[in-house]
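Summary of structural features
Chain by chain, the residues:
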Amino acid sequence: ESLALQSYKAQPARFQQPERVHARHILIPLKATDARATAEALRKQALAGANFADLAKKNSKDPGSAPQGGDLGFFPRGKMVPQFDEAAFALAKSGDISDVVESRFGYHIIQLIEKRPAGLQPFEEVKAELIEEAVITITGNAHNEMVRPIAEAAKPNAEAIEAFSAPYRK
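The following refers to the structure shown. Note that the structure is predicted; figures quoted are calculated from it, not measured. (Residues numbered from 1 in each chain as written. Predicted model: local features only at pLDDT ≥ 70, side-chain atom pairs only at ≥ 80, totals over all residues. Heavy atoms only, no water.)

**What to know about the nonpolar core**
As a reminder of what qualifies: Working definition of a nonpolar core: buried Ala, Val, Leu, Ile, Met, Phe, Trp, Tyr and Cys residues. They are joined through side-chain atoms within 4.5 Å. Each residue gets one of three labels from its accessible area relative to the maximum for its type: buried under 20%, exposed over 50%, partly exposed in between, using a 1.4 Å probe on protein chains only. Put simply, DSSP H or I for four residues or longer makes a helix, DSSP E for two residues or longer makes a strand, and each gets a number counted from the N terminus. When checking whether two residues touch, look at their non-hydrogen atoms; a contact exists if any pair is within 4.5 Å.
Core analysis: the largest hydrophobic core is formed by 13 residues, its most contacted members being I26, I28, A39, L42, F52 and I109. For this core, the secondary-structure elements that each account for two or more residues are strand 2 (20-28), helix 2 (35-47), helix 3 (52-59) and strand 5 (106-116). Examining the composition of this core, we find that four residues originate from one element, helix 2, more than from any other. Leaving out residues up to four positions away in the same chain, I28 has contacts with A35, T38, A39, L42, N59, F105, G106 and Y107. Counting residues in hydrophobic clusters, the runner-up holds twelve residues, among them V21, A23, F75 and F89.

Now the structure itself:
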(Lines give C-alpha, C1' and ligand atoms only; values in the text may rest on other atoms or scores of the structure.)
Protein backbone atom coordinates (compact mmCIF):
# COMPACT_ATOMS: atom_id res chain seq x y z
CA GLU A 1 0.00 0.00 0.00
CA SER A 2 2.83 2.44 0.74
CA LEU A 3 4.18 2.00 -2.80
CA ALA A 4 0.68 2.77 -4.11
CA LEU A 5 0.49 5.90 -1.94
CA GLN A 6 3.95 7.00 -3.14
CA SER A 7 2.81 6.56 -6.74
CA TYR A 8 -0.38 8.55 -6.01
CA LYS A 9 1.58 11.43 -4.46
CA ALA A 10 4.22 11.41 -7.21
CA GLN A 11 1.70 11.68 -10.07
CA PRO A 12 -1.02 14.15 -9.00
CA ALA A 13 -1.82 15.18 -12.59
CA ARG A 14 -2.79 11.57 -13.37
CA PHE A 15 -5.53 11.70 -10.76
CA GLN A 16 -7.06 15.09 -11.58
CA GLN A 17 -10.76 14.80 -12.32
CA PRO A 18 -13.24 17.25 -13.86
CA GLU A 19 -16.46 18.14 -12.01
CA ARG A 20 -18.53 14.94 -11.77
CA VAL A 21 -21.89 13.78 -10.54
CA HIS A 22 -23.01 10.37 -9.34
CA ALA A 23 -26.64 9.92 -10.26
CA ARG A 24 -29.35 7.36 -10.86
CA HIS A 25 -32.26 7.64 -13.24
CA ILE A 26 -35.49 6.12 -14.41
CA LEU A 27 -36.06 6.00 -18.17
CA ILE A 28 -39.46 5.75 -19.81
CA PRO A 29 -39.13 5.42 -23.64
CA LEU A 30 -40.83 8.07 -25.78
CA LYS A 31 -42.91 5.44 -27.58
CA ALA A 32 -44.30 3.90 -24.38
CA THR A 33 -48.02 4.37 -23.82
CA ASP A 34 -48.63 7.53 -21.77
CA ALA A 35 -44.84 7.91 -21.41
CA ARG A 36 -44.79 11.45 -20.01
CA ALA A 37 -47.66 10.78 -17.60
CA THR A 38 -45.91 7.60 -16.39
CA ALA A 39 -42.68 9.54 -15.82
CA GLU A 40 -44.55 12.31 -13.95
CA ALA A 41 -46.30 9.71 -11.74
CA LEU A 42 -42.97 8.01 -10.92
CA ARG A 43 -41.41 11.39 -10.08
CA LYS A 44 -44.31 12.15 -7.71
CA GLN A 45 -43.78 8.78 -5.98
CA ALA A 46 -40.07 9.52 -5.59
CA LEU A 47 -40.77 13.00 -4.21
CA ALA A 48 -43.28 11.48 -1.77
CA GLY A 49 -40.51 9.30 -0.34
CA ALA A 50 -40.64 6.08 -2.38
CA ASN A 51 -37.24 4.38 -2.69
CA PHE A 52 -35.81 5.71 -5.97
CA ALA A 53 -33.63 2.64 -6.59
CA ASP A 54 -36.64 0.34 -6.20
CA LEU A 55 -38.70 2.50 -8.55
CA ALA A 56 -35.88 2.34 -11.11
CA LYS A 57 -35.52 -1.45 -10.82
CA LYS A 58 -39.24 -1.96 -11.36
CA ASN A 59 -39.96 0.74 -13.97
CA SER A 60 -36.86 1.97 -15.80
CA LYS A 61 -36.35 0.71 -19.34
CA ASP A 62 -32.61 1.44 -19.34
CA PRO A 63 -31.16 -2.09 -19.53
CA GLY A 64 -27.72 -0.89 -18.46
CA SER A 65 -28.72 0.79 -15.20
CA ALA A 66 -32.17 -0.50 -14.17
CA PRO A 67 -30.85 -3.70 -12.51
CA GLN A 68 -28.59 -1.47 -10.35
CA GLY A 69 -31.46 0.74 -9.28
CA GLY A 70 -30.81 3.20 -12.08
CA ASP A 71 -27.25 3.86 -10.87
CA LEU A 72 -25.10 5.49 -13.57
CA GLY A 73 -21.98 5.90 -11.43
CA PHE A 74 -19.91 9.08 -11.63
CA PHE A 75 -19.76 10.94 -14.91
CA PRO A 76 -18.28 14.27 -16.04
CA ARG A 77 -20.02 17.05 -17.96
CA GLY A 78 -20.53 16.21 -21.60
CA LYS A 79 -20.80 12.44 -21.23
CA MET A 80 -24.60 12.32 -21.35
CA VAL A 81 -27.01 13.85 -23.87
CA PRO A 82 -27.25 17.64 -23.32
CA GLN A 83 -30.72 17.72 -21.73
CA PHE A 84 -29.77 14.96 -19.26
CA ASP A 85 -26.38 16.50 -18.55
CA GLU A 86 -27.85 19.93 -17.82
CA ALA A 87 -30.49 18.51 -15.46
CA ALA A 88 -28.06 16.23 -13.60
CA PHE A 89 -25.51 19.00 -12.99
CA ALA A 90 -28.24 21.44 -11.95
CA LEU A 91 -29.15 19.23 -8.96
CA ALA A 92 -27.57 20.63 -5.80
CA LYS A 93 -27.59 18.12 -2.98
CA SER A 94 -27.70 14.38 -2.44
CA GLY A 95 -31.22 13.02 -2.85
CA ASP A 96 -32.45 15.89 -5.05
CA ILE A 97 -34.76 14.76 -7.85
CA SER A 98 -35.03 16.47 -11.23
CA ASP A 99 -38.13 17.46 -13.13
CA VAL A 100 -39.02 15.04 -15.91
CA VAL A 101 -36.34 15.49 -18.58
CA GLU A 102 -36.99 14.65 -22.23
CA SER A 103 -34.15 13.39 -24.44
CA ARG A 104 -34.01 11.36 -27.62
CA PHE A 105 -34.01 8.24 -25.40
CA GLY A 106 -37.22 9.11 -23.59
CA TYR A 107 -38.31 10.69 -20.32
CA HIS A 108 -35.86 10.64 -17.44
CA ILE A 109 -36.23 11.27 -13.74
CA ILE A 110 -32.78 11.85 -12.23
CA GLN A 111 -31.73 11.57 -8.60
CA LEU A 112 -28.42 13.05 -7.44
CA ILE A 113 -26.39 10.72 -5.25
CA GLU A 114 -23.22 12.81 -4.98
CA LYS A 115 -21.61 15.81 -6.64
CA ARG A 116 -17.85 16.31 -6.74
CA PRO A 117 -16.03 19.45 -7.80
CA ALA A 118 -13.03 19.26 -10.12
CA GLY A 119 -9.90 18.17 -8.27
CA LEU A 120 -7.77 15.30 -7.15
CA GLN A 121 -9.50 11.92 -7.16
CA PRO A 122 -9.44 10.48 -3.62
CA PHE A 123 -6.70 7.92 -2.95
CA GLU A 124 -9.28 5.38 -1.78
CA GLU A 125 -10.87 5.39 -5.26
CA VAL A 126 -7.60 4.56 -7.04
CA LYS A 127 -5.90 2.52 -4.31
CA ALA A 128 -6.78 -0.94 -5.72
CA GLU A 129 -5.56 0.03 -9.20
CA LEU A 130 -2.29 1.43 -7.81
CA ILE A 131 -1.71 -1.66 -5.64
CA GLU A 132 -2.20 -3.86 -8.71
CA GLU A 133 0.31 -1.73 -10.66
CA ALA A 134 2.78 -1.98 -7.76
CA VAL A 135 2.43 -5.77 -7.64
CA ILE A 136 3.09 -5.99 -11.40
CA THR A 137 6.15 -3.76 -11.05
CA ILE A 138 7.52 -5.70 -8.07
CA THR A 139 7.01 -9.12 -9.69
CA GLY A 140 8.49 -7.86 -12.97
CA ASN A 141 11.56 -6.55 -11.14
CA ALA A 142 11.91 -9.83 -9.23
CA HIS A 143 11.67 -11.80 -12.48
CA ASN A 144 14.35 -9.60 -14.08
CA GLU A 145 16.64 -10.10 -11.09
CA MET A 146 16.28 -13.88 -11.41
CA VAL A 147 16.88 -13.90 -15.18
CA ARG A 148 19.78 -11.40 -15.29
CA PRO A 149 22.53 -13.78 -14.01
CA ILE A 150 21.43 -16.47 -16.49
CA ALA A 151 21.44 -14.01 -19.39
CA GLU A 152 24.83 -12.58 -18.38
CA ALA A 153 26.35 -16.08 -18.10
CA ALA A 154 25.03 -17.18 -21.47
CA LYS A 155 27.68 -17.28 -24.17
CA PRO A 156 27.03 -18.06 -27.83
CA ASN A 157 28.59 -21.27 -29.11
CA ALA A 158 30.09 -20.26 -32.46
CA GLU A 159 30.76 -23.88 -33.57
CA ALA A 160 27.17 -24.95 -32.90
CA ILE A 161 25.79 -21.90 -34.72
CA GLU A 162 28.07 -22.59 -37.68
CA ALA A 163 27.07 -26.28 -37.81
CA PHE A 164 23.36 -25.50 -37.55
CA SER A 165 23.37 -22.80 -40.23
CA ALA A 166 25.63 -24.62 -42.77
CA PRO A 167 22.85 -26.61 -44.51
CA TYR A 168 20.86 -23.40 -45.13
CA ARG A 169 23.64 -21.56 -46.98
CA LYS A 170 23.74 -21.67 -50.75
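So, next bit.
**Some words on unusual backbone geometry**
A positive phi angle, near 50 degrees, is found at D34, a position not held by glycine. With respect to the element layout, D34 can be found in the loop between strand 2 and helix 2. The exposed category is assigned to D34, whose relative accessible area is 56%.

**Thoughts on the sheet that holds strand 5**
We apply this condition: We treat two strands as partners when DSSP finds at least two bridges between them. Axis definition: a line fit to C-alpha positions, over the contact stretch in the case of helices; interaxial angles, taken between N-to-C directions, run 0 to 180 degrees.
Here four strands make up an open sheet; going across it, the order is 3-2-5-4 and the pairing antiparallel. The two strands at the open ends of the sheet, each matched to only one other strand, are strand 3 (71-76) and strand 4 (101-103). Direction aside, the axes of adjacent strands within the sheet are offset by 45 degrees on average. Its contacts with the sheet place helix 4 (residues 82-90) against strand 2, strand 3, strand 4 and strand 5, and it is angled at close to 90 degrees to strand 3.

**Looking at the side chain of H25**
Quick reminder of the rule: Polar contacts here mean pairs of N or O atoms no more than 3.5 Å apart (in protein, one a potential hydrogen donor and the other a potential acceptor; neighbouring residues in sequence count only if both atoms are side-chain atoms).
Within the fold, H25 resides in strand 2. Engagement of the side chain of H25 in a polar contact is seen with the side chain of S65, the distance being 3.4 Å. Setting aside anything within four residues of it in sequence, one finds H25 in contact with F52, A56, S60, D62, S65, G70, L72, F84, H108, I109 and I110.

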